[in-house]
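Examination of the molecular architecture
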Amino acid sequence: MSHSGDSHYLVTAEEGYDTEFRSYPDDAWYSVQLLLEGERSEKLRVKYDEFPAESDNVFLADNFKSEDELHDFLGRFRKVSAQLQDPNCSKVVKGMRVCASDSFAAGEVLFYDAIVDDVLRKKHSNLNGQEECECIFLLFWLHGPNVGNLANKGVADICLLQDSELHPKLIYFMEISMQNIVKALPDFVPGTTSDDLVCNIVARLRETNGRPLSGSLRQGKYAQRSLSEVWPPQGGDKRLYVILVQNLEKDLSSSAVSKFIHEQTSIATQVYIFPSLTWEPYTNGVIMMDCKKDVEQLFGFLQSPNQFTVSSNGRPLVATEKLSLNDHWTLMLKSPNKLLNRREGGFSSELKVVCSGTEEYKKAKELRDLFLQFTDHQKRLYKKLCTEETSISSIPYYLQL
């Protein structure tokens, strides 16, 4: 394959559109081809299937100013998902994450991720020797214009997510981007190697993104967007958005929570879990984001009446409040000396989704209701003690939380 100009393309003729990308303008998934350009392969070109060349996106390694920005960007790529076939509709079950088409005005069809809320099984028909699925799938949209809403879909609308490692070109581009980020750190000493730090960060990103990825997406729209819109200049709103979460397992790590959220919603977060006393059966924490839209989407997901997020032991995570914090709290929450950002070592608990209609859901609801009753009792007791002008130092620690 030949190309004009002095750009260096790492691409072969047999490579196709084997990746999909969640577009910035409309948040929908598209089939794309990845090309590395430049002398150091410091440019990543994203080519959209069946779209003209002027629709390409070009991302520069130098544009990423932090690990979080790069992490969010990489989370927008995954392997193309497989169209669900009529005879295989039984593979789709309640609680499963899928990629599905959604129709809009003027025949526009876009693809977004959704959770299967329920399945209405129907007897399959037979047309000219071909099995045709008549089942109805009730989907809960995770992003897009109808996020948080339910929709009935058929087998033709659904694609199955595929297990996959990061695309080799993304790994290469990620390593170059991280080298630039590390060199820009205040404590970086010119002439010293940053390979160890780069490898550690790359390994973490690689683990987080080695997950099911998704659809052969040929329909859809593309709205041109410049890099200045994707990465706005420094300045402006620097507020931090957080969700307070309670009733966490004491052996749950921050990275496990962050990884679970990313797998379920494609939202990049920072998670801090507070220390707890030895006699306390649970602990609390905060989920941090810098985008108001993301916090609204995640809060809706965590508080959905159709499902619960539970630990491997069945303890339900309880999202109690969402906040927008000022600069003082932003600095405190980002300081490792103030809060415990738990890594994987020494922690074993995981999270999963349980859906309405299951025994796990029934048990989680009972435990959630008991927890809310307990915390409500604590709040009323604390308020009573305060109105009696009791010294704050004499109020038990567990009532001050």
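Residues numbered from 1 in each chain as written. Predicted model: local features only at pLDDT ≥ 70, side-chain atom pairs only at ≥ 80, totals over all residues. Heavy atoms only, no water.

1. Digging into the overall build of the protein
Of the regular secondary structure elements, the protein holds eight helices and 21 strands. Relative to its 401 residues, the protein shows a buried fraction of 44%. For the protein, the proportion of contacts with a sequence separation of at least 24, taken over those separated by at least 6, is 68%. Approximately 20,600 Å² of the protein is accessible, and the part contributed by carbon and sulfur atoms is 51%. (Helix = DSSP H or I, 4+ residues; strand = E, 2+ residues; numbered from the N terminus. Buried < 20%, exposed > 50% of the residue type's maximum accessible area, 1.4 Å probe, protein only. Contact = heavy atoms within 4.5 Å. Areas by Shrake-Rupley, 256 points an atom, 1.4 Å probe, with all protein chains shown as cover.)

2. Describing the nonpolar core
Grouped together as the largest cluster of nonpolar side chains are 45 residues, with contacts concentrated most on Phe-21, Leu-44, Val-46, Phe-73, Phe-77, Phe-137 and Phe-173. The dominant element in this core, judged by the number of residues it contributes, is helix H2 (residues 168-183), at eight residues. Counting 27 residues, the second largest nonpolar core, distinct from the first, contains Tyr-241, Val-245, Val-271 and Val-295. (Core = buried A, V, L, I, M, F, W, Y, C linked by side-chain atoms within 4.5 Å.)

3. Here's the deal with the side chain of Asn-180
Note that Asn-180 resides in helix H2. For Asn-180, the residues in contact, after removing those within four places along its chain, are Arg-40, Ala-61 and Asp-62.

4. Considerations on the environment of Val-32
Within the secondary structure, Val-32 is located in strand E2 (residues 29-37). By relative accessible area, Val-32 is classed as buried at 0%. Between the C-alpha atoms of Val-32 and Phe-21, which are 11 residues apart in sequence, the distance is 6.5 Å. Apart from residues no more than four positions distant in its own chain, Val-32 is found in contact with Gly-16, Tyr-17, Asp-18, Thr-19, Glu-20, Phe-21, Val-46, Lys-47 and Tyr-48.

5. Examining the sheet that holds E2
A sheet is described by the order of its strands in space; here five strands give the open sequence E4-E3-E2-E1-E5, paired in antiparallel fashion. Because the sheet does not close on itself, it has two edges, and the strands there are strand E4 (57-60) and strand E5 (77-79). For this sheet, the mean inter-axis angle between neighbouring strands, taken without regard to orientation, is 40°. Taken together, the four bridges between strand E1 (residues 19-22) and E2 define a ladder with antiparallel strand orientation. Each bridged residue has a counterpart across the sheet, and for Thr-19 the counterpart in E2 is Val-32. (Pairing = 2+ DSSP bridges. Axes fitted to C-alpha atoms, helices over the stretch in contact; angles between N-to-C directions.)

6. Here we look at the pairing of strand E11 (residues 136-141)
Residues in a regular strand project their side chains so that they alternate between the two faces of the sheet. Judged from the six bridges that link them, strand E8 (residues 109-120) and E11 form a sheet pairing that is antiparallel. From the neighbouring strand, Val-116 faces E11, where its bridge partner is Leu-139. Taken together, the four bridges between E11 and strand E12 (residues 150-153) define a ladder with antiparallel strand orientation. Residue pairing for E12: Phe-137 is matched across the bridge by Lys-153.

7. What about the side chain of Ser-311?
For Ser-311, the location among the structural elements is in strand E19 (residues 307-311). A residue is classified by how much of its surface remains accessible, and Ser-311, at 2% relative accessible area, is buried. Here Glu-249 takes part through its side chain, which lies 2.8 Å from a polar atom of the side chain of Ser-311. (Polar contact = N/O pair within 3.5 Å; in protein donor to acceptor, adjacent residues only side chain to side chain.)

8. Remarks on the packing of helix H1 (residues 67-74) against H2
At a closest axis distance of 10 Å, the pairing of H1 and H2 adopts a crossing angle of 165°. Taken as axis vectors, H1 and H2 run roughly antiparallel relative to one another. The hand of the H1/H2 crossing is right-handed. Across the interface between the two elements, Glu-67, Leu-70, Phe-73 and Leu-74 from H1 touch Leu-170, Phe-173, Met-174, Ser-177, Met-178 and Ile-181 from H2. When the residues that make up the contact of H1 with H2 are grouped by side-chain class, the tally is eight nonpolar, one polar and one charged. (Parallel < 35°, antiparallel > 145°, perpendicular 65-115°, else oblique. Left-handed = near helix turned anticlockwise from the far one by under 90°. Nonpolar A, V, L, I, M, F, W, Y, C, P; charged D, E, K, R; others polar.)

9. Things to note about the pattern of salt bridges
Tallying each qualifying case throughout the model produces 15 salt bridges. Among the salt bridges present, the one from Asp-369 reaches Lys-365, with a minimum N-O distance of 3.2 Å. One end of the pair is Asp-369 and the other is Lys-365, both in helix H8 (residues 359-387) and four residues apart, which spans about a single turn. Accessibility expressed as a relative area gives 37% for Lys-365, which makes it partly exposed. As a salt-bridge pair, Asp-369 and Arg-368 come within 2.9 Å of each other at their nearest N and O atoms. Given a relative accessible area of 25%, Asp-369 falls into the partly exposed group. (Salt bridge = Lys/Arg side-chain N within 4 Å of Asp/Glu carboxyl O.)

10. Some remarks on unusual backbone geometry
If you check the backbone angles, Glu-50 has positive phi at about 65° while not being a glycine. Note on placement: Glu-50 falls in the loop between strand E3 (43-48) and E4. In the Ramachandran plot, Asn-247 falls in the positive-phi region, its phi being about 65° despite a non-glycine side chain. Positionally, Asn-247 belongs in strand E16 (residues 240-248). Of the residues examined, Asn-247 reaches a relative accessible area of 5% and is grouped as buried.

11. Some words on the environment of Val-116
You can see Val-116 is positioned in strand E8. When the C-alpha positions of Val-116 and Met-96 are compared, they lie 5.3 Å apart, and in sequence the two are 20 residues distant. In contact with Val-116, other than residues within four places in its own chain, are Val-92, Val-93, Lys-94, Gly-95, Met-96, Val-98, Leu-138 and Leu-139.

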